[in-house]
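Survey of secondary and tertiary structure
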Amino acid sequence: MYALTAAEARRVDQLAQERLGIPSLILMENAGRSAARVAGEMLHQEQDPVVVLAGKGNNGGDGFVLARHLWTAGTPVAVWVIGDLDQTKGDARTNLEILWRLGVPVRHLSLVQASHLEEQSDLRRDLASARLIVDALFGVGLRGDLTTPWPGLFGYINQLPAPVLALDLPSGIDADTGRLCGAAIRADVTITFGFPKRGLFLDAGREYAGEVEEASLSLPVDLPEELGVKGRLLSSEYVRQLLPARCADTHKGDYGHVLVIGGARGFSGAAVLTARGALRVGAGLVTVASPSDSQPTVAHHLVEAMTFPLPAGEGGLASEAVAVILEHCLPRADCIAIGPGLTTQGAAPELVRALIENSPVPLVLDADALNCLSGQADLLRKARAPVAITPHPGEMARLVGQDISVVLADRAACASEAARRWNCQVVLKGAGTVVAAPWGELAICPTGNPGMATGGSGDVLTGIISAFLARGLAPHQACQAGVYLHGAAGDWAARELGQEAMVAGDIAESLGRAMDQLDWDHHDLPEE
């Protein structure tokens, strides 16, 4: 399933008109009619009053079509146009004039009037009596932060009891990044037209969009591919195709050996969680290599995994540990996960560099392994084998040498640029984790919840991705499947325990349920 930027969505519409001859008026009609169907489903009864808040552009035009369909079906509708009515042109104007001829109540507020809500008794009365509010104000065209009157109006709407249906995306949310543009309308349901927009699944967009429904505009499903769209929204159907079923005639060696390096004294739990994540998604063997002074603690908490003591030094690994890993641990591994609980002291920076330059098997770098690369991430380009990095925004900011606000402003763009620059897979965590590949492909994960913002959650993810790499999945596939199942497991844990009570170990323990909800019958590993 594709996830489009605003520019890509406009290009798809343009292509539909130019190549297929579908008039823009038909596209607007299809959008508004689909939205009217969803609006009807949100009403308790047909006579419940609806208020449509419309802007001057095409998003407002979609709202006008919705209003017409509801009105002719017998639903009371009041339409309020916010902004300069004279600027409503083209298809939107055509549909507005139809409303006038039908006798639908259409009222208008200038931006100056809308900035004084306390004086707008008619609008406040309509909103107070509404059983549904339709947000048709901005759509995908919004850029920059909103100023008066929008923050005040949006805040007022968000306090009302009526549910909100947003058309294409909630007003105030950036279509590309999911960023909150100063203020936004909080929707209960968002109906997205044609193809989903990226911003619905990223950062604040995830919270403000509510439940997302797709509406077909009767466009060919391969139009985005024809335009070279690289953004994908992960789904269970897609992930199902990535993971091979187990054969009847099989043994543990068929499922890869993951080597986890980390778990220094005081941080042993991080390596334990990584190992559990790898085991729970089917790794055949897992070995945790940790400093000798913490190895007994790691072994105590892991029954199914092996442990290996490394020479310990001040605060972590001694310099002798580098040779031990390269000579004794590396030859047996199919994938190496390094960083959880590693610390940046002692030989850790030397070891990270040595593995990047010498490992013949895939690497997953997380946590302190990434911190060891701060300011010198270009070393990743020297890797012999595929590399995946799994930073949170703070770690990414240190890697790229910028303030975290720059990363948070557009995580998708930041991850894509880093993947291209460093020739590696980038898993940039957050609300809507993104997976970026060096060749430009970007995947957005819709699973997961705020309860996963707990210590150790990322360590479990590192183990999952490492296990899939050890089992032979291509790097981008391993990262995509890993983030989706990690989020799905977090959703299972939240349902059972609540978001406040869940901890990282609960995510690992819920991986079995998350994988069971995929259909394992008769699918093969797809080609890269």
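Here the structure is shown first, and the text comes after it.
These remarks concern the structure in this document. (Residues numbered from 1 in each chain as written. Predicted model: local features only at pLDDT ≥ 70, side-chain atom pairs only at ≥ 80, totals over all residues. Heavy atoms only, no water.)

Looking at the overall build of the protein
For the protein, the count of helices and strands is 22 helices and 19 strands. Judged by the C-alpha coordinates and their principal axes, the protein covers about 85 × 45 × 40 Å. Residues classed as buried in the protein amount to 57% of the 528 residues present. Look at the contacts in the protein between residues 6 or more apart in sequence, and 72% of them connect residues 24 or more apart. Carbon and sulfur atoms make up 49% of the accessible area of the protein, which amounts to about 21,000 Å² in all. (Helix = DSSP H or I, 4+ residues; strand = E, 2+ residues; numbered from the N terminus. Buried < 20%, exposed > 50% of the residue type's maximum accessible area, 1.4 Å probe, protein only. Contact = heavy atoms within 4.5 Å. Areas by Shrake-Rupley, 256 points an atom, 1.4 Å probe, with all protein chains shown as cover.)

With respect to the sheet that holds strand 18 (residues 434-436)
Taken together, the 10 strands give an open sheet; going across it, the order is 8-19-18-17-16-15-14-9-10-11, and neighbouring strands pair in mixed fashion. If you trace the sheet from one side to the other, it starts and ends with strand 8 (231-233) and strand 11 (306-310), each paired once. Strand-to-strand, the axes of this sheet are offset by a mean angle of 20 degrees, without reference to chain direction. Alignment of strand 8 against strand 19 (residues 442-444), held across three bridges, turns out to be parallel. Each bridged residue has a counterpart across the sheet, and for Leu233 the counterpart in strand 19 is Ile444. (Pairing = 2+ DSSP bridges. Axes fitted to C-alpha atoms, helices over the stretch in contact; angles between N-to-C directions.)

Brief notes about the sheet that holds strand 6 (residues 189-193)
Strands sit in the order 3-2-1-4-5-6-7 across an open sheet of seven strands; the sheet is parallel. Two strands lie at the open edges of the sheet, namely strand 3 (106-109) and strand 7 (211-215), each paired on one side alone. Going from strand to strand, the sheet's axes swing by 20 degrees on average, the running direction of each strand aside. With three bridges connecting them, strand 4 (residues 132-136) and strand 5 (residues 164-167) associate as parallel partners. Residue Asp135 lies in a different strand from strand 5, and its bridge partner there is Ala166. Sheet strands touched by helix 2 (residues 24-42): strand 4, strand 5, strand 6 and strand 7. Its angle to strand 6, the strand with the most contacts, is close to 160 degrees.

Examining the packing of helix 11 (residues 268-280) against helix 19 (residues 457-470)
One can describe the packing of helix 11 onto helix 19 by two numbers: an axis separation of 7 Å at closest approach and a directional angle of 40 degrees. Taken together, the axis directions place helix 11 and helix 19 in an arrangement best described as oblique. The handedness of the crossing between helix 11 and helix 19 is right-handed. On helix 19, the residues touching Ala270, Leu273, Thr274, Gly277 and Ala278 of helix 11 are Asp459, Val460, Thr462, Gly463, Ile464 and Ala467. Taken together, the residues of the contact of helix 11 with helix 19 break down into six nonpolar, four polar and one charged. (Parallel < 35°, antiparallel > 145°, perpendicular 65-115°, else oblique. Left-handed = near helix turned anticlockwise from the far one by under 90°. Nonpolar A, V, L, I, M, F, W, Y, C, P; charged D, E, K, R; others polar.)

Some details on the pairing of strand 17 (residues 425-428)
Side chains of strand 17 alternate between two faces, with Gln425 and Val427 and Val426 and Leu428 buried alike. Where strand 16 (residues 387-389) meets strand 17, two bridges bridge the pair, whose relative direction is parallel. In the strand pairing of strand 17, Ala388 is matched with Gln425. Bridge count between strand 17 and strand 18: three bridges; the pairing is antiparallel. In the strand pairing of strand 18, Val427 is matched with Val435.

Let's talk about the nonpolar core
Residues Ile261, Ile336, Ile338, Leu365, Ile389 and Val426 are the most contacted members of the largest nonpolar core, which totals 65 residues. Filtering out sequence-adjacent residues up to four positions away, Ile338 remains in contact with Ile261, Leu351, Val352, Leu355, Val364, Leu365, Asp366 and Ala369. In this structure, Ala271, Val435, Ala467 and Ala508 belong to the second largest nonpolar core, which totals 55 residues. (Core = buried A, V, L, I, M, F, W, Y, C linked by side-chain atoms within 4.5 Å.)

Thoughts on the pairing of strand 9 (residues 257-261)
Moving residue by residue along a regular strand, the side chains alternate between the two faces of the sheet. For strand 9, the tally of buried residues reaches five of five residues, placing the bulk of the element in the interior. Here strand 9 shows no split at all, with His257, Leu259 and Ile261 on one side and Val258 and Val260 on the other all buried. Two elements, strand 9 and strand 10 (residues 285-291), share five bridges in a ladder whose sense is parallel. Within strand 10, the residue paired with His257 across the bridge is Leu285.

Focus on the side chain of Thr75
Tracing the backbone through its elements, the reader meets Thr75 in the loop between helix 3 (58-72) and strand 2 (77-82). On the basis of relative accessible area, Thr75 is assigned to the buried category, the value being 5%. If near-sequence neighbours (up to four positions away) are discounted, Thr75 is found in contact with Leu43, Glu46, Asp48, Val50 and Leu70.

Topic: the pattern of salt bridges
In this structure the tally under the stated criterion is 20 salt bridges. Of the charged contacts in the structure, one is a salt bridge between Asp145 and Arg179, with a shortest N-O distance of 2.8 Å. Taken together, the residues span a long stretch of sequence, with Asp145 in the loop between strand 4 and helix 7 (150-158) and Arg179 in the loop between strand 5 and strand 6 at a distance of 34 residues. The salt bridge involving Glu441 is made with Arg232; its shortest N-O contact spans 3.8 Å. Note that Glu441 is positioned in the loop between strand 18 and strand 19 and Arg232 in strand 8, a separation of 209 residues in sequence. Take Glu441: its relative accessible area is 17%, and that puts it in the buried class. Via salt bridges that share partners, Arg143, Asp174 and Asp176 belong to a single interconnected network. (Salt bridge = Lys/Arg side-chain N within 4 Å of Asp/Glu carboxyl O.)

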